[in-house]
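Fold and contact review
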Amino acid sequence: MPTIAAGVIRTIRSGGYAERPMTLRHHFRSYLEGVRREGRYRIFADLERDAARPPYARSRDGSDCRDVVVWCSNDYLGMGRHPLVIDAMVKTARRTGTGAGGTRNISGNSHAVVALEAELADLHRKDAALVFSSGYVANEAALGTIGRLLPNCLILSDEKNHASMIAGIRASGAEKRIFRHNDLDHLEVLLRQTGQLRPKVIAFESLYSMDGDIAPISRICDLAAKFHAITYLDEVHAVGLYGARGAGIAERDGVMDRIDVIEGTLAKGFGVVGGYIAADAVICDAIRTAAPSFIFTTAMPPAVAAAARQSVAHLKKSVAVRIAHWLQVGKTRRALRNAGIPIMSSQSHIIPVPVGDPDLCREASALLMEKFALYLQPINYPTVPRGTERLRITPTPFHNDQMIEDLANALCEVWDALRLPYEAIRPVPMLRPQSLVTDASRYSLIATVLGNPGDRHRPGESSADLLSFASKFTPAGAGLLPGEVQLVGHSRQIGQG
């Protein structure tokens, strides 16, 4: 009998019940001490977001309570505090109650969830959609089921895929091969080795959240077509933010119809909670029928589903907040570059600031919070590889120009205090209203967020149409839908340098 078990039995027989937990707890304590030694012990900030004053939150530390500016939220567009979204949740909760009442199979299949799935299927132009309790569960369930149901399936996974995708692939029991990040030559070699007939799934993300880079979706689809592979795309950090209707990078790039399974979240760009997939009806039905984490869990509450549906429907029509968001992202990036703060190359709204040491990263975060009331969570291993620790900045439409200037100044003071290296300063002109006047700059802005004119998702729309559309986004907030000036927040400062 193992030593620990024998010790536990002797303890029980001698009546020393109090000793047993202490013996076992030693292993947990030892693990935590190791994590602390490595400088990667996680401390959660006690925050209470202020829906009336984004991006402010109340930070609590014992009896101390103060306002802080949040610079690392994944509620990228602030939809979690949009009045229409809140109203949908409150009205539905008053009408139907707070819970779901059961699993989808047993009394939990509410009309609000059915309507949300129809909204999501329409968003991605797919036959069907399936809602889960979180994006993590959606990936774990979908990839786990697809890999298990396809005979002799091989899943080809990008090396930087999210932990939830890795968990799903592992749960499937299917063979896995990892291709180097966004390396299409390596992916093609692996596909060629596999042959044409074996069932294959290429699993990748559109936007990688820690580096901020974007996958070459169209070229991956070309390889998938050439080797008869299913494409599985995680759009978690892109839905709501990119594309003509907020369906993500695949919509922006005009290749959404070439993706077999799209996975997304309702908790980031859409500002609520939950995850989903959108795909052919037969794929959704197979996952609905076979995935344990879908079958044996309580359904999404109707109030949550109603709020999520309202957010999705709103962002299908409203591009103004996405444009405002991108303007503030651009100005934040320029301010940091002009200050000499190092920035990792990023094609998206995510701005990673490398530190490269877990202790210094944690100290930088602590100094920003304690001295400047700026909340930026340190990103350490295992979220990123050791030696690549960083701060991850995610501007929102609500971060006005003064906040951006304050962030750049605070980071400079922190960099000086910790003796962190600066980058060579190459001044970048700050964005001013007149910089939106030129056709080239307006075209670039629209193409980055919504997609290029002539794409299949914008039939009949010319370059001139898009440039005319871009001209509506002025500092006064023209071009916003009714009531959306409040959503964008400090609209008179948007577009000012």
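Parameters and conventions
By convention here, each chain's residues receive numbers from 1 onward along its written sequence. Given that this is a predicted model, residues contribute local features only at a pLDDT of at least 70 and side-chain atom pairs are listed and counted only at 80 or more, while totals for whole chains, interfaces and linings are drawn from all residues. Only hydrogens and water are set aside; all other atoms, that is, all heavy atoms of the structure, feed into the side-chain values. Only residues above 30% relative accessible area that lack a salt bridge enter a patch, with like-charged residues linked at up to 9 Å and the nonpolar side chains Val, Leu, Ile, Met, Phe, Trp and Tyr linked at up to 5 Å. We get accessible surface area from the Shrake-Rupley algorithm with a probe of 1.4 Å; when it comes to residues, only the shown protein chains can shield them. One speaks of a salt bridge when a side-chain nitrogen belonging to Lys or Arg is within 4 Å of a carboxyl oxygen belonging to Asp or Glu. Working definition: helices are DSSP H or I runs of at least four residues, strands are E runs of at least two. Numbering for both runs from the N terminus. For a helix, the expected span equals 1.5 Å multiplied by the number of residues minus one. Burial classification: accessible surface area is computed with a 1.4 Å probe over protein chains only, and a residue below 20% of its type maximum counts as buried, one above 50% as exposed, and the rest as partly exposed. Between two residues, a contact is recorded if the distance between any of their heavy atoms is within 4.5 Å. Helix axes are fitted only over the stretch in contact, all axes being lines through C-alpha atoms; the angle between N-to-C directions runs from 0 to 180 degrees. An angle counts as roughly parallel when it lies under 35 degrees, as roughly antiparallel when it exceeds 145, as roughly perpendicular when it falls between 65 and 115, and as oblique in every other case. Here a crossing is called left-handed whenever its near helix is offset anticlockwise from the far helix by less than a right angle, and right-handed whenever the offset is clockwise. Lys, Arg, Asp and Glu make up the charged group, whereas Ala, Val, Leu, Ile, Met, Phe, Trp, Tyr, Cys and Pro make up the nonpolar group; the residues left over, Gly among them, are polar. Scored from 0 to 100, pLDDT reflects the predictor's confidence in each residue. Only strands that DSSP links by at least two bridges are regarded as paired with each other. Charge counting follows a simple rule: Lys and Arg are positive, Asp and Glu are negative, and His as well as the terminal groups are ignored. Taken as the charge centre is NZ of Lys, CZ of Arg, CG of Asp or CD of Glu, depending on the residue.

A separate point is a nonpolar patch on the surface. Taken together, Tyr31, Leu32, Tyr41 and Ile43 make up a surface patch of nonpolar side chains, about 410 Å² in accessible area. With respect to the helices and strands, the residue Tyr41 is situated in the loop between α2 (19-37) and β1 (46-49).

Here helix α5 (residues 135-149) spans 21 Å end to end across 15 residues, near enough to the 21 Å set by a 1.5 Å rise per residue. Counting buried positions along α5 yields 11 of 15 residues, so the element is predominantly enclosed. Those residues of α5 not exposed but buried are Gly135, Val137, Ala138, Asn139, Ala141, Ala142, Leu143, Gly144, Thr145, Ile146 and Gly147.

The next point concerns the side chain of Thr92. Residue position: Thr92 is located in helix α3 (residues 83-96). Leaving out residues up to four positions away in the same chain, Thr92 has contacts with Gly97, Pro302, Ala303 and Ala306.

Before going further, it helps to examine the packing of α5 against helix α6 (residues 163-172). Where α5 meets α6, the closest approach of the two axes is 7 Å, and the angle between their N-to-C directions is 30 degrees. As judged from the angle between their axes, α5 and α6 are roughly parallel. Considering how the two elements wind past one another, α5 and α6 form a crossing that is right-handed. Between α5 and α6, the residues in contact are Tyr136, Asn139, Glu140, Leu143, Gly144, Gly147 and Arg148 and Ala163, Ser164, Met165, Ala167, Gly168, Ile169 and Ser172, respectively. Split into classes, the residues belonging to the contact of α5 with α6 amount to 6 nonpolar, 6 polar and 2 charged.

The next point concerns the confidence of the model for the chain. Per-residue confidence for the chain averages 86 on the pLDDT scale, and 82% of its residues sit at or above 70. Every residue in residues 431-438 scores below 50 in pLDDT, and together they form 18 contacts with partners more than four places removed in sequence or on other chains. Taken as a whole, residues 453-497 scores under 50 in pLDDT and shows 103 contacts with residues more than four places along the chain or in a different chain.

What follows is about the sheet that holds strand β6 (residues 175-179). Within the open sheet, the 7 strands sit side by side as β4-β10-β9-β8-β7-β5-β6. Their pairing is mixed. Sheet topology places β4 (128-132) and β6 at the edges, where each strand pairs with a single neighbour. If you compare each strand with its neighbour and ignore which way they point, the axes differ by 20 degrees on average. Relative to strand β10 (residues 275-279), strand β9 (residues 261-265) is paired through 5 bridges, and the arrangement is antiparallel. Looking at the pairing, Val261 lines up with Ala279 of β10. Taken strand by strand, helix α10 (residues 281-290) contacts β4, β9 and β10, and its axis lies near 30 degrees from that of β4.

Okay, a negative patch on the surface next. On the surface, Asp46, Asp61, Asp64 and Glu370 cluster together into a patch of negative charge. Looking at where Asp64 falls in the secondary structure, it is placed in strand β3 (residues 64-70). On the basis of relative accessible area, Asp64 is assigned to the partly exposed category, the value being 40%.

Sheets are built from strands paired through backbone hydrogen bonds, the pairs being either parallel or antiparallel. Read across the sheet, 4 strands follow the order β1-β2-β3-β12 without closing on themselves; strand pairing throughout is mixed. Both outer strands of the open sheet, β1 and β12 (374-375), are each paired with one neighbouring strand and no more. Here 2 bridges tie β3 to β12, and the two strands are oriented parallel to one another. The partner of Val69 across the bridge, within β12, is Leu374.

Further remarks concern the environment of Ala118. Its place among the elements puts Ala118 in helix α4 (residues 111-123). Given the relative accessible area of 48%, Ala118 is considered partly exposed. Between the C-alpha atom of Ala118 and that of Ala278, which follows or precedes it by 160 residues, the distance is 9.8 Å.

Omega for the bond connecting Pro54 with Pro55 falls within 30 degrees of zero, at 10 degrees, which places this linkage in the cis form. Looking at where Pro55 falls in the secondary structure, it is placed in the loop between β1 and β2 (56-61). For the peptide bond that leads from Tyr381 to Pro382, omega is 10 degrees, which places it in the cis range. Note on placement: Pro382 falls in the loop between β13 (378-379) and β14 (390-393).

Turning our attention to the pattern of salt bridges. Counted according to the given criterion, the structure contains 27 salt bridges. Residue Lys226 pairs with Glu188 through a salt bridge whose shortest N-O separation is 3.0 Å. Here the residue Lys226 occupies a position in helix α8 (residues 217-227), and Glu188 occupies one in helix α7 (residues 184-194), the gap between them amounting to 38 residues. Judged by relative accessible area, which is 42%, Lys226 ranks as partly exposed. With relative accessibility at 19%, the residue Glu188 sits in the buried group. For Asp359, the salt bridge goes to Arg362, with nearest N and O atoms at 3.1 Å. Taken as a pair, Asp359 and Arg362 lie in helix α14 (residues 358-372) at a separation of 3 residues, close to a single helical turn. For Asp359, a relative accessible area of 32% translates into the label partly exposed. Ionic contacts of the salt-bridge type, sharing partners, join the residues Glu119, Asp122, Arg125, Arg245, Arg309 and Lys316 into one network.

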